[in-house]
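# Observations on the model geometry
Next come the chains, spelled out residue by residue.
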Amino acid sequence: MAKLLLNNGSGQAQEIFLRSGLSRVGRTSANEIQIEHPSVSSAHCEITFAGDSLIIKDLGSTNGTYIDGQPVQEVCAVHGQRLQLGSVELLVDAPETVSASPQLDGASVAPPPIPVTTKPRLTVGLHHQPATAPEVPPQAAMAASSLAPHGRPTANKSPFEVDPAKVEAEARSKMMWGDAYEDVVKFLRMQGLGLPEASAMANSLLKERVKALRGIGVQKIFTGIGLMCVPVVAFFYFLKLGVFPIKLFAMTVAVGLYGAWRFLKGMFMVLAPKSEAGDVADK
C-alpha cells in the first residue's frame, strides 16, 4: 500500500497511508488528509492513487507544492521522491508506482479522474506523538530508525536529509520578510533542527535583521537632515535675490517636512529596530 512518511520532528517517521482513489490534503477538517500546520493551505493539493500511478495536483495553495524541491502543478510522483507542502516535507513510499509519465504539465496525458471515495479522515499532528503507536511494517521501521533523536536523518538515508544552507537561506528570508522570531523557530524545528540549534540560528538571523535595519535607519537620518536644510537654504537664497516666491517656498517647506519624517523614522529604526515590522527591503 502506498504511503507518505512525515518527519514530524519527534524522531520517528509518521505514516500517512493512501487508499485507492482521490484524497484531498489541507489544513482544515474538510480534507480526507488533514495536516495541521500554518504553511499548509486550507485546500492544498489532491493525491490520486490508482494501481501503479500516484498523481499529485496542487489546488492553488499559497506556499506551493514541490517535488524534490521543484514547484509543480500536477505531477506523477514515484517511490523515494520528496513531497513538500509549504514547510511540511514528506517522503513518498510507494514501491509499486512507475515513472512512465513523470510530468503531467507537458505532452503526457493524465489518466481519467477517479471519483472521491468515502473513507475516514486522517488528521496529522506535527507537535506530538499519538498515544498508541500503530504497528509499523519492516520497511517503515527501517525508514523511521534512520532518523536521529532530534528528528534529523542519519547520513545513510538521503530522502530525509536536510540541506543546512537551504534551510538557513529560507529562514533568513522569513526573518527579513518580518516573520516573528517564534515563527522562524517553528519553521526551523519543522526542518528537523533541535530546539537549541533552531533558537541559536534564529537569534543569529535576528541580529542580521537588526543590523540591516539600523544601517537603513542611519541612511534615513542623513538624507532627512539634508532635506530639512532645503527650506532654510531656499529662504536665505530668496532673501538674497530680493524676491520671495510663496509657492516655490511652500514646495521647499514640503520637502523639509518630508525630510523631518525620514529623520524621525531613521531614529526609530536605529534606537528600536526590533519594533519595525514588515520586509526589510521595503524600508
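Conventions adopted
- Residues numbered from 1 in each chain as written.
- Predicted model: local features only at pLDDT ≥ 70, side-chain atom pairs only at ≥ 80, totals over all residues.
- Heavy atoms only, no water.
- Helix = DSSP H or I, 4+ residues; strand = E, 2+ residues; numbered from the N terminus.
- Buried < 20%, exposed > 50% of the residue type's maximum accessible area, 1.4 Å probe, protein only.
- Contact = heavy atoms within 4.5 Å.
- Areas by Shrake-Rupley, 256 points an atom, 1.4 Å probe, with all protein chains shown as cover.
- Core = buried A, V, L, I, M, F, W, Y, C linked by side-chain atoms within 4.5 Å.
- Polar contact = N/O pair within 3.5 Å; in protein donor to acceptor, adjacent residues only side chain to side chain.
- Axes fitted to C-alpha atoms, helices over the stretch in contact; angles between N-to-C directions.
- Parallel < 35°, antiparallel > 145°, perpendicular 65-115°, else oblique.
- Left-handed = near helix turned anticlockwise from the far one by under 90°.
- Expected span 1.5 Å × (residues − 1).
- Pairing = 2+ DSSP bridges.
- Bend = angle between axes of the 7 residues up to and from the residue.
- Phe/Tyr/Trp six-rings, centres within 6.5 Å; stacked < 30°, edge-to-face > 60°.
- Lys NZ or Arg CZ within 6 Å of the ring centre and 35° of its normal.
- pLDDT = per-residue confidence, 0-100.
- Patch = residues over 30% accessible without salt bridge, like charges linked within 9 Å, V, L, I, M, F, W, Y side chains within 5 Å.
- Salt bridge = Lys/Arg side-chain N within 4 Å of Asp/Glu carboxyl O.

The number of helices and strands found in the protein is five helices and 12 strands. Counting the 283 residues in the protein, one finds 41% classified as buried. By sequence separation, contacts in the protein at least 24 residues apart represent 54% of the contacts at least 6 residues apart. Here the protein has roughly 15,200 Å² of accessible surface; of this, 62% comes from carbon and sulfur atoms.

Moving on to the nonpolar core. Membership of the largest hydrophobic core comes to 25 residues, with the highest contact counts inside it found for L4, I47, I56, L83 and L90. Residue assignment for this core shows that the elements contributing at least two residues are β1 (3-7), β4 (33-35), β5 (45-50), β6 (53-58), β9 (74-77), β10 (82-85) and β11 (88-93). With near-sequence residues (within four places) excluded, I56 lies in contact with C45, E46, I47, T65, I67, Q73, E74, V75, A77 and L83. If you look at the next biggest cluster of nonpolar residues, it comprises 12 residues, including V167, A171, M175 and A198.

Before going further, it helps to examine the side chain of Q34. As for its placement among the helices and strands, Q34 is situated in strand β4. Residue classification places Q34 among the buried residues on the basis of a relative accessible area of 9%. Side-chain polar atoms of Q34 contact the backbone oxygen of R27, separated by 3.1 Å. Looking at Q34, its side chain comes within polar contact range of the side chain of E36, at 3.4 Å.

This part covers the packing of helix α4 (residues 195-241) against helix α5 (residues 246-271). Angle between the axes and distance between the axes are the two parameters that describe a pair of packed helices. The interhelical angle for the contact between α4 and α5, taken along N-to-C directions, is 155°, at an axis separation of 7 Å. If you check the angle between α4 and α5, you find them roughly antiparallel. Crossing handedness for the pair α4 and α5: left-handed.

Further remarks concern helix α2 (residues 164-177). Under the 1.5 Å per step criterion, the end-to-end length of α2 is 20 Å for 14 residues, consistent within 8% with the ideal 20 Å. Of the positions making up α2, those classed as buried are V167, A171, K174, M175 and M176. Phi for G178, located one or two positions after α2, is positive at around 105°.

All right, on to the sheet that holds strand β2 (residues 13-17) then. What the six strands build is an open sheet, ordered β2-β1-β11-β10-β7-β8; its pairing is antiparallel. This sheet does not close on itself; its edge strands, each paired only once, are β2 and β8 (70-71). Bridge analysis of β10 against β11 gives four bridges, and the strand direction is antiparallel. Bridge pairing in β11 links Q84 to E89.

Relative to the 69 Å expected for 47 residues at 1.5 Å per residue, α4 spans 69 Å between its end C-alpha atoms, a close match to the ideal helical length. Along α4, the sharpest kink reaches roughly 25°, centred on V230 and followed within four residues by the proline P231. Within two residues after α4, G242 carries a phi angle of roughly 85°, on the positive side.

To describe a pair of aromatic rings, you give the distance between the ring centres and the angle between the ring planes. Throughout the structure, instances matching the rule amount to seven aromatic pairs. Joined through ring pairs, the aromatic side chains of F235, F236, Y237, F238, F244 and F249 make up one cluster. Positioned above the aromatic ring of F187 is the side chain of K174, whose terminal nitrogen or guanidinium carbon lies 4.9 Å from the ring centre.

As a further point, take the pairing of β11. Burial of β11 is extensive: six of the six residues sit out of reach of the surface. Pairing of β1 with β11 involves four bridges; the strand directions are antiparallel. Residue pairing in the sheet places L5 in a bridge with L91 of β11. Once β10 ends, the chain turns through two residues before running back antiparallel as β11, passing G86 with a positive phi of about 65°.

Attention now goes to the confidence of the model for the protein. When pLDDT is averaged along the protein, the result is 79; 75% of the residues meet or exceed 70. When mean pLDDT is compared element by element in the protein, α5 scores highest at 94, while helix α1 (residues 138-145) scores lowest at 44. In this model residues 100-121 is a low-confidence stretch, pLDDT under 50, and it forms 37 contacts with partners more than four residues away in sequence or in other chains. A low-confidence stretch, residues 127-160 stays under pLDDT 50, and its non-local contacts, those more than four residues away or across chains, total 54 contacts.

Together, V232, F235, F236, L239, F244 and I246 give the surface a local cluster of nonpolar side chains, amounting to about 580 Å² of exposed area. Here the element with the most residues in the nonpolar patch is α4; it accounts for four residues. Tracing the backbone through its elements, the reader meets I246 in helix α5.

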